[in-house]
Every structure is written in C-alpha cells, then in structure tokens.
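Each chain, letter by letter, is given below.
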Amino acid sequence: QGSQGAGLRVKIPLHEIQARCAGGTDYLDKFGVTRKMLVEELSAHEHDKYYLGTPYIGGDWQSPLGDTAYNGKAGMNCAGFASYVLRKCGLDAAAVTNTIRESPTAVSWGSALPHQYLSGASNYLSLVQYGRLVAHVYETKAAMLAGGLCEKGDLVLRFWTDRFSGNDMDNHLMIYWGNTPHENRVWQSAEGGNSIGAIDDTPASAFVLIKFAPEKPLPTFAGFTDVSAGDWFSGPVAFVQEKGYMQGVAKGKFAPYGTVTRGQLVP
C-alpha cells in the first residue's frame with residue numbers, strides 16, 4: 001500500500017494518508033500567515049546566520065541562533081524551525097494548537113513550553129486533516145517533484161506514522177525552497193543543523209505537500225485542481241464530469257481519494 005525500500009513499508013498505508021488529507025478547501029493562510037510573508041522572512045536571512053547553522057536538537061526546540069528566547073539557547077528540531085518561522089510571521093498559534101489537539105494522535109513533547117504541539121512533525125498531518133487544509137500526498141519524493149504543484153514556502157512533510165510504538169522512523173517537516181516546482185531544494189533543520197539543500201529522504205516514507213494559497217492558478221484537469229492528466233483515475237474523472245454524473249465536492253475540487261456519498265451519486 002505504501003512506498004517500499006530497504007525492505008520497509010510505510011507504517012500507515014498510503015491510501016489512508018490520502019484519505020486523511022482528502023477534501024481540504026482551506027490553505028495555511030487561514031491561520032494568519034501567507035506565502036509572501038513566509039518567503040520574505042526567510043529570504044531576508046538566506047545569507048546570514050539567523051537560522052542557518054542553528055544546531056539540530058530533537059524534541060521541543062524552536063530557538064534559531066538569531067533568537068534563543070524560547071529554549072534559552074540555540075537549537076531547533078525540524079518542525080520547531082517551521083513553527084518558529086510561521087509564528088514570527090504572525091501565525092495564530094493558539095488556533096493551530098487547538099486544531100491539532102482535535103486529533104487522537106496529537107503528539108506532545110511534555111516540555112511544558114507553550115508551542116510544543118507545533119514542534120511535532122506528525123502533528124502537521126493532523127493540522128491538514130482537522131483544519132481541512134489543501135494538501136497533496138505522494139508515494140515518493142520524485143513523484144512530488146514531478147507533480148508540478150510545489151511552490152516556494154509550502155510545507156513538505158515526510159511522513160511515516162503518528163501511531164508511534166517501538167523503533168519507528170522519524171517524520172520530517174521541511175519548507176520547500178525551490179524556484180521552480182521541480183527543484184529538489186528545501187530549507188530544513190536536520191542532523192548537521194539548519195541548512196538549505198536537497199530534500200532529506202528515507203525509504204518507505206510518503207510525502208505530503210501542505211499548501212499556502214498558490215501564487216498562480218493551479219493547473220486543472222476536467223476543471224479540477226486536484227486531478228492531473230497523469231493520474232490513473234483521470235480518464236474516469238473526465239468521463240463522469242462530462243456526463244454530469246459527478247461534479248466534485250467543491251469548486252475545482254474532485255477529492256479523488258475521498259469517500260463517495262449517496263448524495264454525490266444520486267441527484
């Protein structure tokens with residue numbers, strides 16, 4: 001059901017991740033931050049040490065070299081980096097935390113610090129699901145980069161599980177930093193510190209592209225932005241749309257991985 005490599009399989013099947021991310025109609029912008037705000041903030045520090053070079057520390061660490069107030073010294077984990085940047089740009093952190101906590105799989109670090117839920121990478125899948133955010137799920141990094149939907153500033157979640165037990169693989173949250181939709185480039189905090197470079201990949205992980213409102217209109221197929229000509233189901237989607245059998249779940253949205261209701265099939 002999921003990506004394979006080195007004898008591994010995604011712990012949560014790909015179709016389940018797709019279903020959890022299906023039907024989103026809102027963008028990250030709903031929580032107070034736009035793509036423009038985030039890109040401007042990071043671009044201002046692309047050549048200094050405000051973020052870059054900050055050591056990686058696992059757990060609830062959200063303190064870049066340029067501002068150590070949260071933890072008292074410099075250190076960021078992957079989602080802690082994204083959390084800090086989003087909050088610095090005006091994120092409604094309370095609303096995001098409350099949305100994440102709706103999920104039964106919400107992860108808490110137990111740090112007693114105010115934004116600990118925002119430094120758990122797996123919590124961003126819960127944010128997509130319970131915040132009804134637009135996100136696209138891919139079986140591989142290559143498929144994501146080939147999909148043509150990546151835009152600078154989008155969040156990229158490399159996802160293994162949010163049902164942790166035993167020796168689970170890490171999830172990883174990154175900020176897409178490519179200048180084209182196909183460029184293998186992100187801004188991330190990982191082993192070795194905060195840096196700009198290629199997407200940190202592991203076998204058996206799905207990739208979830210979490211969207212800000214797009215700068216340009218998204219490409220459509222049969223009038224839907226969540227269906228592309230290369231999808232295996234594109235032909236049937238075009239057929240039911242053309243015949244008037246189904247018109248999607250919202251304007252421009254077909255939700256191909258969603259559950260079909262009686263109302264959608266019986267006018």
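Since this is a predicted model, take the numbers as computed values, not measurements.

Peer 1: Can you walk me through the packing of aromatic side chains in this structure?
Peer 2: Centre distance and the angle of the planes are the two values used to describe a pair of aromatic rings. Tallied over the entire structure, the rule returns seven aromatic pairs. With a centroid separation of 6.4 Å and 45° between ring planes, the pair formed by Y50 and Y84 is classed as tilted. Linking Y50 in the loop between α2 (35-43) and β3 (62-63) with Y84 in helix α3 (residues 78-88), this pair joins segments that are 34 residues apart in sequence. Look at Y50 and you get buried, because its relative accessible area is 17%. Owing to a relative accessible area of 7%, Y84 belongs among the buried residues under this scheme. Among the aromatic side chains, those forming a connected cluster through ring pairs are Y50, Y51, F81, Y84, W177 and W187. Positioned above the aromatic ring of Y70, the side-chain terminus of R87 is 5.4 Å from the ring centre.

Peer 1: I tried to follow the side chain of Q116 on my own but got confused; where do I start?
Peer 2: Counting through the fold element by element, Q116 comes out in the loop between α4 (93-100) and α5 (123-131). Assessed through its relative accessible area of 11%, Q116 is described here as buried. A polar contact is formed between the side chain of Q116 and the backbone nitrogen of S111, at a distance of 3.3 Å. Not counting chain neighbours up to four residues away, the residues in contact with Q116 comprise D60, Q62, Y70, S108, W109, G110 and S111.

Peer 1: Before we go on, may I ask you to explain the sheet that holds strand β10 (residues 206-210) in this structure?
Peer 2: Sheet strands pair by backbone hydrogen bonding; their relative direction is either parallel or antiparallel. Sheet architecture is open: six strands sit in the order β5-β10-β6-β7-β8-β9, paired in antiparallel fashion. Where the open sheet ends on each side, the last strands, each with one partner, are β5 (135-138) and β9 (193-197). Between one strand and the next, the sheet's axes are offset by a mean angle of 25°, whatever the strand orientation. Direction of pairing for β5 relative to β10: antiparallel, over a ladder of four bridges. In the strand pairing of β10, Y138 is matched with F207. Contacting β5, β6 (155-159), β7 (172-176) and β10, α5 crosses the sheet at an angle of about 115° to β6.

Peer 1: Explain the confidence of the model for the chain to me, please; I cannot follow it from the model alone.
Peer 2: Should the pLDDT be low somewhere, the predicted coordinates at that spot are not to be read in detail. With 85% of its residues at a pLDDT of 70 or more, the chain shows a mean pLDDT of 87. Here residues 1-8 is a poorly scored stretch, pLDDT under 50, and it has 22 contacts once near neighbours within four places are set aside; other chains count.

Peer 1: Help me out: how do you make sense of the packing of α2 against α3 in this one?
Peer 2: With their axes 9 Å apart at the nearest point, α2 and α3 run at an angle of 110° to one another. In terms of orientation, α2 lies roughly perpendicular with respect to α3. Seen from α2, the contacting residues are L38, E41 and L42; seen from α3, they are F81, V85, L86 and K88. Residue composition of the contact of α2 with α3, by class: five nonpolar, no polar and two charged.

What counts and how
Residues numbered from 1 in each chain as written. Predicted model: local features only at pLDDT ≥ 70, side-chain atom pairs only at ≥ 80, totals over all residues. Heavy atoms only, no water. Phe/Tyr/Trp six-rings, centres within 6.5 Å; stacked < 30°, edge-to-face > 60°. Helix = DSSP H or I, 4+ residues; strand = E, 2+ residues; numbered from the N terminus. Buried < 20%, exposed > 50% of the residue type's maximum accessible area, 1.4 Å probe, protein only. Lys NZ or Arg CZ within 6 Å of the ring centre and 35° of its normal. Polar contact = N/O pair within 3.5 Å; in protein donor to acceptor, adjacent residues only side chain to side chain. Contact = heavy atoms within 4.5 Å. Pairing = 2+ DSSP bridges. Axes fitted to C-alpha atoms, helices over the stretch in contact; angles between N-to-C directions. pLDDT = per-residue confidence, 0-100. Parallel < 35°, antiparallel > 145°, perpendicular 65-115°, else oblique. Nonpolar A, V, L, I, M, F, W, Y, C, P; charged D, E, K, R; others polar.

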